[in-house]
Amino acid sequence: QVQLVESGGGLVQPGGSLRLSCAASGRTFSSYAMGWFRQARGEEREFVASISWGAARTYYADSVKGRFTISRDSAKNTLYLQMNSLKPEDTAVYYCAADTLHLESTPWPGDYDYWGQGTQVTVSS
């Protein structure tokens, strides 16, 4: 069992930055891959970024590459998403997820078996 709690969302102007956090508890944090997904109103959930169990490999959606950075801190059992140069189209509910069945991460939501409750990010002037 893994419990995930996101925080750090909010309202930010275009071009601004936010850092999302995802506190994990339960199973050993370093033993599974993790990812960030987002869902805009009326849209399907989409992949944002993912990171392997040991943080050696990261993957990004083309839409956020160069602007977002995913990282994990095993000492704090926390996953992060640093978001810079935010755009209105980044507005969505952001979810962190854990894939306890694999060490390497994937962009497929169906591979993730635990999800947080989500945190709203709104980019608007």
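In this text the structure is predicted, and so the values were computed from the model without any measurement.

Colleague: Got a minute to help me understand the pattern of salt bridges in this structure?
Modeller: Two side chains that carry opposite charge are able to pair once their charged atoms sit near each other. In the structure shown here, the tally under the stated rule is five salt bridges. The closest approach of N and O atoms between Arg57 and Glu104, which form a salt bridge, is 2.5 Å. Of this pair, Arg57 sits in the loop between strand E5 (46-51) and strand E6 (58-60) while Glu104 is found in the loop between strand E9 (92-99) and strand E10 (114-115), placing the two residues 47 residues apart along the sequence. Residue classification places Glu104 among the partly exposed positions, given a relative accessible area of 30%. Across the pair Asp90 and Arg67 runs a salt bridge, and its minimum N-O distance is 2.8 Å.

Colleague: Before we go on, may I ask you to explain the sheet that holds strand E7 (residues 68-73) in this structure?
Modeller: Within a sheet, each strand pairs with its neighbour through backbone hydrogen bonds, oriented either parallel or antiparallel. With respect to topology, four strands assemble into an open sheet ordered E1-E3-E8-E7, the strand pairing being antiparallel. What marks the edges here is a single partner per strand, and that holds for strand E1 (2-7) and E7. Between one strand axis and the next, the sheet turns by 15° as a mean value, whatever way the strands run. Pairing of E1 with strand E3 (residues 18-26), which is carried by six bridges, proceeds in the antiparallel orientation. In the sheet register, Glu6 faces E3, and the bridge partner there is Cys22.

Colleague: Even after reading the chapter, I still don't get the environment of Asp99, so can you show me in this structure?
Modeller: In this structure, Asp99 sits in strand E9. Taking the relative accessible area as the measure of exposure, Asp99 reaches 0% and is therefore buried. Each C-alpha atom of the pair Asp99 and Gly116 lies 12 Å from the other, and the pair is 17 residues apart in sequence. At 3.1 Å, the side chain of Asp99 forms a polar contact with the backbone nitrogen of Leu101.

Colleague: How do you make sense of the pairing of E5 when you look at a structure like this?
Modeller: Looking along a regular strand, one sees the side chains alternate between the two faces of the sheet. Within E5, five of the six residues are buried, which leaves the element mostly enclosed by the surrounding structure. Between strand E4 (residues 33-39) and E5, which follow one another and run antiparallel, lie six residues, and Gly42 among them has a positive phi close to 80°. Pairing geometry for E5 and E6, over three bridges, is antiparallel. Opposite Ser50, over in E6, you have Tyr59 as the bridge partner. Counting the residues in the hairpin turn of E5 and E6 gives six residues, including Ala55, whose phi is positive at 65°.

Definitions and limits used
Residues numbered from 1 in each chain as written. Predicted model: local features only at pLDDT ≥ 70, side-chain atom pairs only at ≥ 80, totals over all residues. Heavy atoms only, no water. Salt bridge = Lys/Arg side-chain N within 4 Å of Asp/Glu carboxyl O. Helix = DSSP H or I, 4+ residues; strand = E, 2+ residues; numbered from the N terminus. Buried < 20%, exposed > 50% of the residue type's maximum accessible area, 1.4 Å probe, protein only. Pairing = 2+ DSSP bridges. Axes fitted to C-alpha atoms, helices over the stretch in contact; angles between N-to-C directions. Polar contact = N/O pair within 3.5 Å; in protein donor to acceptor, adjacent residues only side chain to side chain.

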